[in-house]
Structure formats: structure tokens, C-alpha cells
Amino acid sequence: MKKILKSLVLFLMLVVSSLTFAKEKLYVGTNAEFPPFEYLDKGDIVGFDIDLVKAIGNKLGMDVVIKDMSFDGLIPALETNKVDIVIAGMTATDERKIAVNFSNPYYTANQVIILKDDNKDIKTFDDLNGKLVGVMLGFTGDVVVSEMKNVESKKYNASFAAIMELQNNKIDAVVLDSETALNYLKNNKGLKLADTSGEPEEYAIAISKKNTELLNKINTALDELKKDGTYESLLKKYM
Ligand code: GLN
């Protein structure tokens, strides 16, 4: 009897593990330097986007595999099929829409100016005139500042590096997405926000143009997560 039970348990374990292995994988590209959307916590990639994409994976019955890479490598990784989708607080810009498709938006943000507490001469985007402004390479903030005349930009690969240089008076200001800026303010003393009236921009999940089936599935999953309260609870957890 014991023997039969043992083999039954073994058999069940085998079935369960083969089912797990049979799950299709969803390869997800991100850039884990954008708190609270994606960042490293003791070596683990965590954040709002990561929880959201795992919940989407659950809805689709797929195993989510996160791949961390540089922000400017994300769209090329989609185009060369190294990842299936990208979630990285990525703004669905017209320029990017030429290369990839975007899901329905899942978050609205805008560009803000981060300053040292004691700065008195910068209040609006116009006041950046003649200043040295830190931006992240290839971010929408980079595009906004590059379009401004008489503003010199210094480009960084990681936003924490720009914040450090601001704290050390190497640059006058940093232009960054609102939620991430607030996150830096929370965790660093001596900083403040100036103009927060920048154009709203919408974050969405990027998907290869060839994969419209996946695009539809992701939009459906997003809708469901908004309806069942998961989305709301993630906002509470991270924002
Ligand atoms: N929203 C900005 C952009 O799309 C920044 C995104 C990010 O740093 N992950 O360029």
C-alpha cells in the first residue's frame, strides 16, 4: 500500500513539474534603474512594472523572464526578438511608435526639474536657459532638453549618477520623469522640485510590430487587472 502511495505521489510530482515546464515563456526587457517602476533591491529586480508584468504573465498563463539591459538597448532587443515585450516606464512617443507597437497606456507622468534646495534662480523650464542640465541618455527628458535653445545638457546612463552630480554641484538641474524624481526626493536630502508643468506622457508596454496577437492579449490582461483591483493595489504599494 505504502509503495503504491509513494509511486502515486511521484507520478503526481512529475505531472505538476512537466506542466510547469510546459508553460510558455514571456521574455520581458527592462532597465532596472527607474524607481519605483523598476529597480534593484539586494540584487533582485523589483518595482511597479515588474509586479504588473508578472500579473499579466499570470493572466496569460506564461512564465515571465525578466532581462535587464540599458534603456537605449530595449527597442533594438524587441526588433531582434531577444525579448517579446518591454516594460520600462517607457513613454509611448510618436518616434518610438515608428519602430514598435504600444499597449494601452498604464500610467501618466510628466517631466519635472530637480534642483538643490538652495537654488533660487530656476523656477520654470525657461529658467534653464544658459544652465547645465543633467538628462538620461535617450529618455524623453533628453529629447525635451535637447530641443531647448541655449541649454546645455549632460547625458547620463543612470539617473542616480545625475542626482549625485547635482548634489555635488557639478550640474545645475536634472530633468526627469515625475514619479522617479519624487522617489529620489524621498530618499535624498537637500533636493527639491521646480516646474512640474511639463507635457503629460503615457507609459505603455512596447511590443514588436510583428506580434499583434500578443498585443491584443496584453491589452485584455491590462483591462482585467484594472477591473479586478490588482492595478490599484500596485499603485498603493509603489507610489
Ligand atoms: N519615460 C521616460 C522615457 O520613456 C523614461 C523611461 C525610463 O527611464 N525607464 O524615456
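Structure: above.
Residues numbered from 1 in each chain as written. Predicted model: local features only at pLDDT ≥ 70, side-chain atom pairs only at ≥ 80, totals over all residues. Heavy atoms only, no water.

Colleague: I'd like a rundown of a nonpolar patch on the surface, residues and numbers included.
Modeller: A contiguous nonpolar patch, built from Leu5, Leu8, Phe11, Leu12 and Val15 and spanning about 470 Å² of accessible area, is present on the exposed surface. Inspection of the secondary structure puts Leu8 in helix α1 (residues 2-22). (Patch = residues over 30% accessible without salt bridge, like charges linked within 9 Å, V, L, I, M, F, W, Y side chains within 5 Å. Areas by Shrake-Rupley, 256 points an atom, 1.4 Å probe, with all protein chains shown as cover. Salt bridge = Lys/Arg side-chain N within 4 Å of Asp/Glu carboxyl O. Helix = DSSP H or I, 4+ residues; strand = E, 2+ residues; numbered from the N terminus.)

Colleague: Describe the packing of helix α2 (residues 48-60) against helix α8 (residues 212-227), with residues and values.
Modeller: Remark: α2 packs on α8, axes separated minimally by 9 Å, with the N-to-C direction vectors making an angle of 110°. Taken together, α2 and α8 sit at an angle that is classed as roughly perpendicular. Here Leu52, Ala55, Ile56, Lys59 and Leu60 of α2 come into contact with α8, specifically with Leu214, Lys217, Ile218, Ala221, Leu222, Glu224 and Leu225. For the contact of α2 with α8, the per-class residue count stands at 9 nonpolar, no polar and 3 charged. (Axes fitted to C-alpha atoms, helices over the stretch in contact; angles between N-to-C directions. Parallel < 35°, antiparallel > 145°, perpendicular 65-115°, else oblique. Contact = heavy atoms within 4.5 Å. Nonpolar A, V, L, I, M, F, W, Y, C, P; charged D, E, K, R; others polar.)

Colleague: Would you mind going over unusual backbone geometry in detail, with residue names and values included?
Modeller: Where the residue is not glycine, phi is negative for most of them; where a peptide bond is considered, it is trans in most cases. Omega for the peptide link from Pro35 to Pro36 comes to 0°, which places this bond in the cis form. Inspection of the secondary structure assignment puts Pro36 in the loop between β2 (33-34) and β3 (38-41). Within the chain, Asn169 stands out as a residue other than glycine whose phi angle is a positive 60°. Note on placement: Asn169 falls in the loop between α6 (159-167) and β11 (173-177).

Colleague: Break down the pairing of strand β1 (residues 24-30) for me, citing the residues and quoting the values.
Modeller: With 7 bridges connecting them, β1 and strand β5 (residues 62-68) associate as parallel partners. Within β5, the position partnered with Glu24 by the bridge is Met62. Strand direction decides the pairing type here: β1 and strand β6 (residues 85-86), joined by 2 bridges, are parallel. Of the residues in β6, the one forming a bridge with Gly29 is Val86. (Pairing = 2+ DSSP bridges.)

Colleague: Could you give an account of the layout of surface pockets, with specific residues and numbers?
Modeller: Put simply, the largest pocket is a space of about 240 Å³. Taken together, 13 residues line the largest pocket, and the ones lying closest to its centre are Thr91, Thr93, Glu199, Pro200 and Glu201. Of all the elements in the fold, those that place two or more residues in the lining of the largest pocket are α5 (140-146) and β13 (200-203). Across the lining of the largest pocket, the residue classes break down as 4 nonpolar, 4 polar and 5 charged. (1 Å grid on protein atoms, 1.4 Å probe; cavity = no way out; pocket = protein on both sides within 12 Å on 5 of 7 lines; lining within 4 Å. Points joined across faces, edges and corners; volume = space filled by probe spheres on them.)

Colleague: Give a detailed account of the nonpolar core, specifying residues and quantitative values.
Modeller: In terms of nonpolar packing, the biggest core is built from 54 residues, with Leu52, Ile85 and Tyr106 touching the most fellow members. With 6 residues, α8 is the largest single contributor of residues to this core. Setting aside chain neighbours within four positions, we find Leu52 in contact with Ile87, Tyr106, Leu222, Leu225, Tyr231 and Leu234. In terms of nonpolar packing, the next biggest core, distinct from the first, is built from 13 residues, Ile113, Leu115, Val135 and Val175 among them. (Core = buried A, V, L, I, M, F, W, Y, C linked by side-chain atoms within 4.5 Å. Buried < 20%, exposed > 50% of the residue type's maximum accessible area, 1.4 Å probe, protein only.)

Colleague: Any details on empty space enclosed by the protein? Residues and values, ideally.
Modeller: Empty space among the atoms becomes visible once a probe the size of a water molecule is rolled across them. In this structure the tally under the stated criterion is 1 cavity of 30 Å³ or more. Empty space within the largest cavity amounts to approximately 60 Å³. Lining the largest cavity are Phe34, Phe71, Ala88, Gly89, Thr91, Arg96, Phe139, Thr140 and Asp177. Here the residues of the lining of the largest cavity sort into 4 nonpolar, 3 polar and 2 charged.

Colleague: Describe the site of the ligand, listing the residues and the values that go with them.
Modeller: Neighbouring the ligand are the residues Phe34, Phe71, Ala88, Gly89, Met90, Thr91, Arg96, Phe139, Thr140, Asp177, Glu201 and Tyr203. With respect to the ligand, the backbone of Ala88 contributes an N or O atom lying 2.6 Å from a nitrogen atom. A distance of 2.6 Å separates a nitrogen atom of the ligand from a polar side-chain atom of Asp177. Bound to the protein, the ligand loses 100% of the 300 Å² it would expose on its own. For the shell around the ligand, the per-class residue count stands at 6 nonpolar, 3 polar and 3 charged. (Near = heavy atom within 4 Å. Polar contact = N/O pair within 3.5 Å; in protein donor to acceptor, adjacent residues only side chain to side chain.)

Any functional reading would require information that these geometric values do not contain.
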